[in-house]
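Each chain, written out:
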Amino acid sequence: MAGAFSLREVLAAFQACVTERREVLLGPYLSGWRGLIRFLHTLGAIFSFISKDAVAKVQLMEDYCRGEQREQYVSLQAMVRYELAQGLLDAPGRPDSGCRTVLRLHRALRWLQLFLEGLRTARQDSRTSTICTDSYNASLAAYHPWVIRKAATVAFRTLPPRDAFLQIMNVGTAEEAVAMLGEALPYIGDVYDITQQLFAQHELLDLP
Ligand code: 1PZ
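Numbers given to residues run from 1 along each chain, matching the order in which its sequence is written. Where local features are concerned, this predicted model is filtered to residues with pLDDT of at least 70; where side-chain atom pairs are given and counted, the filter is 80 or more; whole-chain, interface and lining totals use all residues. For the side-chain quantities, the full set of heavy atoms in the structure was used; hydrogens and water were omitted.

As named in an unreviewed UniProt entry, the protein chain is Ceramide-1-phosphate transfer protein, taken from Falco tinnunculus.

As structure tokens, this is what we get:
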């Protein structure tokens, strides 16, 4: 399995996590994130401050999914219902609730959506670092203090050019990678929209 790893399967996990009833299943959602983190590792050590934080959050969620209350963590909808009913979101600054943790991943998913869409539609000679910085500034950056924004921007500058980046996604040629993105991105958009609506409905979009 090691090495033979393609971003196609990773993005397919986000397709697999939406049920017929438009619920978002945490299992495939988290395995999608695990795959993204593995991909991030291939981009070099300069990204490790990002993957460390992502791993910690995914790990916390996986622990809930395997823990005593695992039935409450099958889907995002079940989790929101449960944590609200238990008053787990009332204590100010609860740093370990599933909802505030997923909210961080959810905001990062928006960056991913913008970044991959930018990559897909950009001209062949575009700079990946510019696409990445623009997507970041239009999404996640608003939630990060200056020092993280600075470190992220420095790391982005090391990203390989667009065509090389499309190739390390391991989906085939750059053209094949672009086609795959065109198929996969609507599913990521779907997951994002469902989650956004769920969190908005319960006024959970600003959880500290
Ligand atoms: C292709 C290049 C990859 C770039 C990744 C772009 C995202 C930059 C995010 C920088 C986050 C840096 C470190 C940690 C920040 C945390 O403070 C925040 C808020 O959490 P809190 O402090 O409230 O607990 N964490 C986040 O915003 C979650 C970031 C997850 C990033 C996952 C990236 C996955 C990359 C996939 C690559 C294809």
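1. Focus: the layout of surface pockets
Cut-off, in case you're wondering: As defined here, a cavity is a set of points on a 1 Å grid over the protein atoms alone where a 1.4 Å probe fits but cannot get out. A pocket is an open set with protein on both sides within 12 Å along at least five of seven lines, and residues line them when an atom is within 4 Å of a point. Grid points are joined across faces, edges and corners, and a volume is the space filled by probe spheres set on the points. Secondary structure elements are defined from DSSP: runs of H or I of at least 4 residues count as helices, runs of E of at least 2 residues count as strands, and each element is numbered from the N terminus. Note that Gly is not counted as nonpolar here; it falls among the polar residues with everything else outside the nonpolar set of Ala, Val, Leu, Ile, Met, Phe, Trp, Tyr, Cys and Pro and the charged set of Asp, Glu, Lys and Arg.
Taken as a whole, the largest pocket spans an internal volume of roughly 790 Å³. Surrounding the largest pocket, 31 residues form its lining, Leu40, Ile50, Ala108, Trp111 and Leu140 being those nearest its centre. If one sorts the elements of the lining of the largest pocket by residue count, helix α5 (residues 98-121) sits on top with 8 residues. A class-by-class count of the residues in the lining of the largest pocket yields 26 nonpolar, 1 polar and 4 charged.

2. Points about helix α4 (residues 76-85)
Definition in use: Burial classification: accessible surface area is computed with a 1.4 Å probe over protein chains only, and a residue below 20% of its type maximum counts as buried, one above 50% as exposed, and the rest as partly exposed. By the convention used here, residues are in contact when the closest approach between their heavy atoms is within 4.5 Å.
With respect to burial, α4 is a largely interior element, 7 of its 10 residues being buried. Taken together, the buried positions of α4 are occupied by Leu76, Gln77, Ala78, Met79, Val80, Tyr82 and Glu83. If you follow the buried residues of α4, they end up packed against α2 (26-41), α3 (48-66), α5 and α9 (174-201). One or two positions beyond α4, positive phi appears at Gly87, with a value near 70 degrees.

3. Observations regarding the site of the ligand
Heads up, the condition is: Proximity is defined per residue: if any heavy atom of the residue lies within 4 Å of a molecule or strand, that residue is considered near it. Under this definition, polar contacts are N or O atom pairs within 3.5 Å; protein pairs additionally need one hydrogen-donor-capable and one acceptor-capable atom, and for neighbouring residues in sequence, both atoms have to be side-chain atoms. Per-residue and other accessible areas follow the Shrake-Rupley method at a 1.4 Å probe size, with only the shown protein chains counted as cover for residues.
By nearness alone, 20 residues border the ligand, and Asp53, Lys57, Arg100, Arg104 and His144 come closest of all. Arg100 is positioned with one of its side-chain polar atoms (N or O) 2.9 Å from an oxygen atom of the ligand. A distance of 2.8 Å separates an oxygen atom of the ligand from a polar atom in the side chain of His144. When isolated, the ligand has an accessible area of 840 Å², and the protein chains bury 88% of it. When residues of the shell around the ligand are traced back to their parent elements, those giving at least two are α2, α3, α5 and α7 (146-156). Within the shell around the ligand, the residues separate by chemical class into 15 nonpolar, 1 polar and 4 charged.

4. Here we look at the side chain of Ser75
Topologically, Ser75 is positioned in the loop between α3 and α4. A relative accessible area of 3% means that Ser75 is categorised as buried. Residues within four places of Ser75 in sequence aside, it is in contact with Glu23, Val24, Leu25 and Leu26.

5. Side note on unusual backbone geometry
A positive phi is found at Arg22, a non-glycine position, where the angle reads about 60 degrees. Inspection of the secondary structure assignment puts Arg22 in the loop between α1 (7-16) and α2. On the accessibility criterion, Arg22 (42% relative accessible area) is partly exposed. The backbone of Glu203 sits at a positive phi, close to 55 degrees, despite the residue not being glycine.

6. What to know about the state of the cysteines
Using the following cut-off: Defined by distance alone, a disulfide is two cysteine sulfur atoms within 2.5 Å.
Under the defined criterion, the tally for this structure stands at 0 disulfides. Cys17 provides the cysteine sulfur closest to Cys65, a residue in no disulfide bond, and the two sulfurs are 12 Å apart. A residue is classified by how much of its surface remains accessible, and Cys65, at 21% relative accessible area, is partly exposed.

7. Examining the packing of aromatic side chains
Basically, it comes down to this: Working definition: a ring pair exists when centres of Phe, Tyr or Trp rings (six-membered ring for Trp) sit within 6.5 Å. Plane angles under 30 degrees give stacked, over 60 give edge-to-face, the rest tilted.
Here the structure, examined in full by the defined rule, presents 8 aromatic pairs. Seen from their ring centres, Phe14 and Tyr29 are 6.0 Å apart, and the 85 degrees between their planes marks the pair as edge-to-face. With a gap of 15 residues between them, Phe14 in helix α1 and Tyr29 in helix α2 connect regions that are remote in the sequence. Like Tyr29, Phe14 is buried. When the centroid spacing of 4.7 Å and the interplanar angle of 10 degrees are considered together, the rings of Tyr64 and Tyr73 count as stacked.

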